[in-house]
Amino acid sequence: MEDKRMKKFAIISTIVFGLATVSCDSYLDINEDPNSPAESNMTTSIMLPAAEMNLAGSYGDFARIAGGYFGQYYSQTYGTSNYLDFSQFKMSATRSSGFYRQLNQRALKNLQTVRSLAEQNEEWGSYLAATTLRAFIYQVLVDAYGEVPYTEALDVSNATPKYDDGATVYAGILAELDEALSKVSDGDQVATNFLLPGKTAAEWIKLANALKLKMLTRESGVTDVNAEIAALVNENNFPAGDVAWQGCWSNESGAMSPFYAEEFATNWGSTQINVVANIAIIGTMKQSGYTDGRLAAFFEPNADGEYTGGISGSNFSTSSSYKSTYWCRPVASYDMPVYLITRSEVEFFIAEYYAKNNNSAQAQAHYNAAIEASFATAGVDGAAQAIAKFPYNQGEWQKSIGISKWIALAGVNTFEGWCEARRLDFPAFGDVTGSDMYNEKDDSSYKPELYVPGTFYTPIKVEDKVGASHLLERWIYAESSSARNSNTPKFPGNTSPVFWGK
């Protein structure tokens, strides 16, 4: 089953999906493979959509699944084991190899071509778009692995590029963004793309600013970038809403939103259920006397109309009571968006800036705005109740922002939720463990009532290299890179934070 699913993932990630918009249709009219077109046909409008689909297919599926388990949004359903290792905070060198290869050998190389063509033709809008997506990919790689080839990467003559430390990569891609921004004007045209179709460079400038804000905030704990963040916040030129690949998926094989295609569609002959809700997120969003309005937008109720969550580290395989129909599943559809960044995240980052500068009034205002934006993304009411349940506290700003951001990202972007939990150290680990809540040898031992809302817990059979009361801090270097690269550094360990978490 695993081989079949990984094959499906590879297919989804490498093809360019049949889409419904005019820009998609014009792109798909070409006869050559967009990942390897004839040299005479290479244009920015051919190569940029190909790079986007390489990115969206991998980030919207593998990163979402892994982040969902590592951030205790997801648990493994009854009797299956596809992601039980993730549930126990394990990542092998082979598990992420397809993800790593797809981003490096496909997306980044296609974006390199776009940047080169755009620079030659002085297409500065397209140059910024490609640079922005390139920066985003490197941010994701650093946040996952810690160290990746960057300064010597993508050189076909160099089979063993050196790995750069995360701080070097972040500094490099921030400089790349600044260089691209210095060349572009609001009205510059942008090549055919699916992320911001039909928009001029003005919207890509806002997106680049939002990514800069995120990266600067992530590294703000280890280097002084307060002035740079202040300049962005004062300029306030960020996207007004969410930025996502949406409206470009269709209900056909190979054209569905990637997470749905991987875990929900039956077009590939599989009806296996793997991903279900975790008690941590369910127990936080539904407490005594409180139900978060976003719960139904993020998770389906079970067959009995109830919201239930499994325990990390177990698949309840010996249970006679907790079958697959007992568990909640994430809300998913063939046309679900793949979010690159949301307005809620931007507001949380701005709130953090003001919190660090002891401006509690502005921090609270943007914190509240972040929660309101999250509810707007979910399309539900209840923001005021959530703000009242989780009010901003300047004296514990990391806890306030950490927990509320973790909730907001539950149905949107679990990879980013895992990243922010590692950085802010919230949710924190409570005293209750997975083994306290469920004993795999005793069917009657499931006690979700022991879970303390707003906390993490140690999974059952947690990876021994992670241990109790720790998140997995990084992924081991992907075999698709390390197996052939003698310059791969020694792995620093599962609980060694990436550079911004130290």
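Overview of the structure. Note that the structure is a prediction, hence the values are computed from the model and not measured.

### Side note on the side chain of Arg-294
(1) Moving on: Positionally, Arg-294 belongs in the loop between β7 (290-291) and α12 (295-298).
(2) Moving on: When neighbours within four sequence positions are excluded, Arg-294 is seen to be in contact with Met-285, Ser-374, Phe-375, Ala-378, Val-380, Ala-386, Ile-407 and Ala-408.

### Here's the deal with the pattern of salt bridges
(1) Moving on: All chains considered together, the criterion is met by 18 salt bridges.
(2) Moving on: Members of the salt-bridge network, linked through shared partners, are Asp-143, Lys-214, Arg-218, Glu-352, Lys-356, Lys-405, Glu-416, Glu-420 and Arg-423.

### Here's the deal with the packing of helix α7 (residues 166-183) against helix α8 (residues 201-219)
(1) Moving on: In the contact formed by α7 and α8, the axes pass within 11 Å of each other and the chain directions differ by 155°. For the element pair α7 / α8, the angle class is roughly antiparallel. At the point where α7 passes α8, the crossing takes the left-handed sense. Contacts between α7 and α8 involve Tyr-170, Ile-173, Leu-174, Leu-177, Asp-178 and Leu-181 from the first element and Ile-205, Ala-208, Asn-209, Lys-212, Met-215, Leu-216, Arg-218 and Glu-219 from the second.
(2) Moving on: Counted by class, the contact of α7 with α8 contains 9 nonpolar, 1 polar and 4 charged residues.

### Some remarks on α8
(1) Moving on: The end-to-end C-alpha distance of α8 is 27 Å, a good match for the 27 Å that 19 residues give at a rise of 1.5 Å each.
(2) Moving on: In terms of residue burial, α8 counts as a mostly covered element, since 17 of its 19 residues are buried.

### Description of the environment of Glu-228
(1) Moving on: Secondary-structure assignment places Glu-228 in helix α9 (residues 226-235).
(2) Moving on: Looking at Glu-228, the relative accessible area reads 41%, which means it is partly exposed.
(3) Moving on: Here the alpha-carbon distance between Glu-228 and Glu-179, two residues 49 residues apart in the chain, equals 15 Å.

### Focus on unusual backbone geometry
In most cases, non-glycine residues show a negative phi, while peptide bonds are predominantly trans.
(1) Moving on: Of the consecutive residues Phe-426 and Pro-427, the connecting peptide bond is found in the cis state with omega at 0°.
(2) Moving on: The residue Asn-236 is not glycine, and still its phi comes out positive at about 55°.
(3) Moving on: Considering the arrangement of structural elements, one finds Asn-236 in the loop between α9 and β4 (243-245).
(4) Moving on: Unusually for a residue other than glycine, Ser-469 sits at a positive phi of about 60°.
(5) Moving on: Along the polypeptide, Ser-469 turns up in the loop between β12 (455-456) and α19 (479-482).

### Observations regarding the nonpolar core
(1) Moving on: Membership of the largest hydrophobic core comes to 157 residues, with the highest contact counts inside it found for Tyr-138, Trp-245 and Trp-475.
(2) Moving on: Considering every element that reaches this core, the biggest residue donor is helix α6 (residues 124-145), with 15 residues.

### As for the environment of Gly-198
(1) Moving on: Relative to the helices and strands, Gly-198 is located in the loop between α7 and α8.
(2) Moving on: What makes Gly-198 exposed here is its relative accessible area of 79%.
(3) Moving on: With 101 residues separating them along the chain, Gly-198 and Ser-97 place their C-alpha atoms 34 Å apart.

About the criteria used
- Residues numbered from 1 in each chain as written.
- Predicted model: local features only at pLDDT ≥ 70, side-chain atom pairs only at ≥ 80, totals over all residues.
- Heavy atoms only, no water.
- Helix = DSSP H or I, 4+ residues; strand = E, 2+ residues; numbered from the N terminus.
- Contact = heavy atoms within 4.5 Å.
- Salt bridge = Lys/Arg side-chain N within 4 Å of Asp/Glu carboxyl O.
- Axes fitted to C-alpha atoms, helices over the stretch in contact; angles between N-to-C directions.
- Parallel < 35°, antiparallel > 145°, perpendicular 65-115°, else oblique.
- Left-handed = near helix turned anticlockwise from the far one by under 90°.
- Nonpolar A, V, L, I, M, F, W, Y, C, P; charged D, E, K, R; others polar.
- Expected span 1.5 Å × (residues − 1).
- Buried < 20%, exposed > 50% of the residue type's maximum accessible area, 1.4 Å probe, protein only.
- Core = buried A, V, L, I, M, F, W, Y, C linked by side-chain atoms within 4.5 Å.

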